[in-house]
Amino acid sequence: MEIKYPIYNRSFTGNEKKYVLDCIDSTWISSRGSYIEKFEHKFAEYTGATHATAVNNGTAALHLALMALGIGYGDEVIVPDFTYIATANAVKYTHATPVFADALSHNWQIDPAEIKRKITARTKAVIVVHLYGAACNMDEIVSICKEHKLYLIEDCAEAIGTIYKGKHVGTFGDISAFSFFGNKTITTGEGGMVISDSKELIEKAFHIKNQGVTSKVYWHDVLGYNLRMTNICAAIGLAQLEHIDEILANKLRVANAYREAFRDSAVEMHKQEEGTLHSYWMVSILIEKADLREPLARYMREHGIDSRPLFYPCHIMPVYAETNDGDFPVTDQLSYRGLNLPSFPELTNEDVKYIAGTILDFLKDNAE
Ligand SMILES: Cc1ncc(COP(=O)(O)O)c(C=O)c1O
């Protein structure tokens, strides 16, 4: 059956086309042009950060954040085992070692007690990931990092619009990274942003993302990279940001419709914790029996509904299998029991009822 409900869908209903045409008409299509600064400025304002610098994707944003902090050979960086692989890979790019920490079962985010357990004399930083749009336990994590003098990086790739105790995520640590990939809450096609309250860190990030060039033409005083965002991407990002409130409101409506549909069932939906605002990048569920997940996904596809499994534990990936032994029982549980459901803002409440109903029908037919 044709997929009627993809996992994500985009519609560009604001100034996206107008701003992109403006780039083309003005010929400013590369990484210089007025939209870059405007997007950076508006993004900083939206999140409440003091400074922002745009990059070409979210992985680059993480890599750049680590480089700006001077993370490198011999350092260890604690990262969640339950995350998209880019979080760990960014650490590896710097030649530091990612050390995995297990998740909490109630909010699926990095367990602060695990962070404490994994600290060694070589630990330099912690990366927390606000996975699927839910906030990590920032009070505890900030206090651990302060006590042990560790840098704190927030991976907010999936968490634009996520609030913890009144503040946007990404404003608790030293430096933070966002992604604007095509399926993210706001997109630039490919793109990312680094934010920080430290002018020095953002100036360093700017320098590194810009080939390490100095004020002297063609003089490069550090090993730099080209991680710049184009003016066209920034134009799309600015237009997207102009209607982010509407996008988030609709995503919340969709999440609430799922919650209502799954009420009193055995399906467990990713929760919004007290004192936080979940931005529901992906509405995610757990089913009781891991061995039913694949058959359920197949059944959904036969009914025109796409889904994604939750991320696999990083430590089982071939690249990390040797360096990270140990037990990650919570991540293992979540990873094999979970699914992401169609989560785009244009879904109607009727669409959600159909999707949830299909899932519940399958589970009823397959109950022992
Ligand atoms: C948690 C997380 N970190 C980092 C990234 C990397 O972002 P990008 O795909 O823009 O490189 C992603 C997503 O795609 C992500 O989900």
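The structure displayed is predicted, hence computed values, not measured ones. (Residues numbered from 1 in each chain as written. Predicted model: local features only at pLDDT ≥ 70, side-chain atom pairs only at ≥ 80, totals over all residues.)

**Observations regarding the overall build of the protein**
Stage number 1. Helices and strands together make up the secondary structure of the protein, namely 12 helices and 14 strands.
Stage number 2. Over its C-alpha trace the protein gives a radius of gyration of 21 Å, about what one expects of a compact globule, namely 21 Å for 368 residues.
Stage number 3. For the protein, the C-alpha atoms occupy an extent of roughly 70 × 55 × 35 Å along the three principal directions.
Stage number 4. Here the protein holds 368 residues, and 48% of them are scored as buried.
Stage number 5. Within the protein, contacts between residues at least 6 apart in sequence are counted, and of these 71% link residues at least 24 apart. (Helix = DSSP H or I, 4+ residues; strand = E, 2+ residues; numbered from the N terminus. Rg over C-alpha atoms; globule rule 2.2 N^0.38 Å. Buried ≥ 20, exposed ≤ 12 C-beta atoms within 10 Å, placed from the backbone. Contact = placed C-beta atoms within 7 Å.)

**Some details on unusual backbone geometry**
Stage number 1. Unlike most non-glycine residues, Q211 shows phi in positive territory, near 65°.
Stage number 2. Positionally, Q211 belongs in the loop between α7 (199-209) and α8 (231-242).
Stage number 3. Of the residues examined, Q211 has 15 C-beta atoms within 10 Å and is grouped as partly exposed.

**Re the sheet that holds strand β6 (residues 163-164)**
Stage number 1. Reading across the sheet, the 3 strands line up as β7-β6-β11 and stay open at both edges, with antiparallel pairing between neighbours. Each edge of the sheet is formed by a strand with only one pairing partner; in this case those strands are β7 (167-168) and β11 (276-277).
Stage number 2. Here 2 bridges tie β6 to β7, and the two strands are oriented antiparallel to one another. Note that in β7 the partner of Y164 across the bridge is K167. (Pairing = 2+ DSSP bridges.)

**Looking at the domain arrangement of the protein**
Stage number 1. Here the domain parsing of the protein yields domain 1 (16-242) and domain 2 (244-365).
Stage number 2. Here the C-alpha centroids of domain 1 and domain 2 sit 25 Å apart.
Stage number 3. Tallying the contact residues gives 31 residues for domain 1 and 31 residues for domain 2.
Stage number 4. Looking at the side of domain 1 that touches domain 2, the elements that each hand over two or more residues are β3 (97-101), β6 and α8. (Domains from an automatic or database assignment.)

**Examining the environment of Y73**
Stage number 1. One can find Y73 in the loop between α3 (58-68) and β2 (76-80).
Stage number 2. Sequence separation of Y73 and G326 is 253 residues, and the distance between their C-alpha atoms is 23 Å.

**Structural notes on the nonpolar core**
Most often, soluble globular proteins keep nonpolar side chains buried together rather than apart.
Stage number 1. Within the largest apolar cluster, 112 residues are counted, with the highest numbers of intra-cluster contacts made by A61, L64, A65, V126 and V194.
Stage number 2. Two domains share this core, each providing at least three of its residues, namely domain 1 (16-242) and domain 2 (244-365).
Stage number 3. When sequence neighbours within four positions are dropped, the list of residues in contact with V194 reads A52, T53, V55, A61, L64, A65, I175, A177, I202 and A205. (Core = buried A, V, L, I, M, F, W, Y, C linked by C-beta atoms within 7 Å.)

**Quick look at the sheet that holds strand β1 (residues 51-55)**
Stage number 1. The sheet built from 7 strands is open, its strands ordered β1-β9-β8-β5-β4-β2-β3 with mixed pairing. The open sheet is flanked by β1 and β3, the only strands paired with a single partner. With strand direction ignored, the average angle separating the axes of adjacent strands in the sheet is 20°.
Stage number 2. In terms of strand pairing, β2 meets strand β4 (residues 123-129) through 3 bridges, oriented parallel. Within β4, the residue paired with E76 across the bridge is T123. (Axes fitted to C-alpha atoms, helices over the stretch in contact; angles between N-to-C directions.)

**Details of the site of the ligand**
Stage number 1. Near the ligand, the surroundings consist of 15 residues, among which G58, T59, Y84, A157 and S179 are the closest.
Stage number 2. Breaking the shell around the ligand down by element, the ones donating at least two residues are α3 and α4 (86-93).
Stage number 3. The greatest single-element share of the shell around the ligand, amounting to 3 residues, is contributed by α3.
Stage number 4. In terms of residue class, the shell around the ligand is made up of 6 nonpolar, 7 polar and 2 charged. (Near = placed C-beta within 6 Å. Nonpolar A, V, L, I, M, F, W, Y, C, P; charged D, E, K, R; others polar.)

**Remarks on helix α2 (residues 34-47)**
Stage number 1. With 14 residues, α2 should reach 20 Å at 1.5 Å per residue; the first-to-last C-alpha distance of 20 Å fits that figure.
Stage number 2. Buried within α2 we find Y35, I36, F39, E40, F43 and T47. Along the axis of α2, the buried positions cluster into a sector of 130°, meaning they face one direction only.
Stage number 3. Looking at the buried side of α2, the elements it contacts are α1 (16-26), β1, β7, β9 (192-196) and α8.
Stage number 4. Following α2 by one or two positions, G48 adopts a phi angle in the positive range, close to 90°. (Expected span 1.5 Å × (residues − 1). Arc of directions from axis to C-beta.)

**What about the environment of Q211?**
Stage number 1. Spatially, the C-alpha atom of Q211 lies 7.0 Å from that of L223, the residues being 12 residues apart in sequence.
Stage number 2. When near neighbours in sequence (up to four residues on either side) are disregarded, Q211 contacts H220, G224, Y225 and N226.

**Quick look at the packing of α1 against α8**
Stage number 1. For the pair α1 and α8, interaxial distance at closest approach is 8 Å and the crossing angle is 155°. Here α8 runs roughly antiparallel to α1, going by the angle between their axes. Helix-helix and strand crossings are classified by hand; for α1 and α8 the assignment is right-handed. Along the contact surface, α1 presents E16, Y19, V20, D22 and C23, while α8 presents N231, I232, A235, I236, L238, A239 and Q240. (Parallel < 35°, antiparallel > 145°, perpendicular 65-115°, else oblique. Left-handed = near helix turned anticlockwise from the far one by under 90°.)

**Examining the pairing of strand β5 (residues 151-155)**
Stage number 1. Of all 5 residues in β5, 5 are buried, a share of seventy percent or more.
Stage number 2. Burial along β5 is two-sided: Y151, I153 and D155 and L152 and E154, pointing in opposite directions, are all buried.
Stage number 3. As a crossover connection, the stretch from β4 through helix α6 (residues 138-147) into β5 is right-handed.
Stage number 4. Across 3 bridges, the pairing between β5 and strand β8 (residues 175-179) is parallel. Counted as the bridge partner of E154 is S176 from β8. (Right-handed = clockwise from strand over helix to strand, strands pointing away.)

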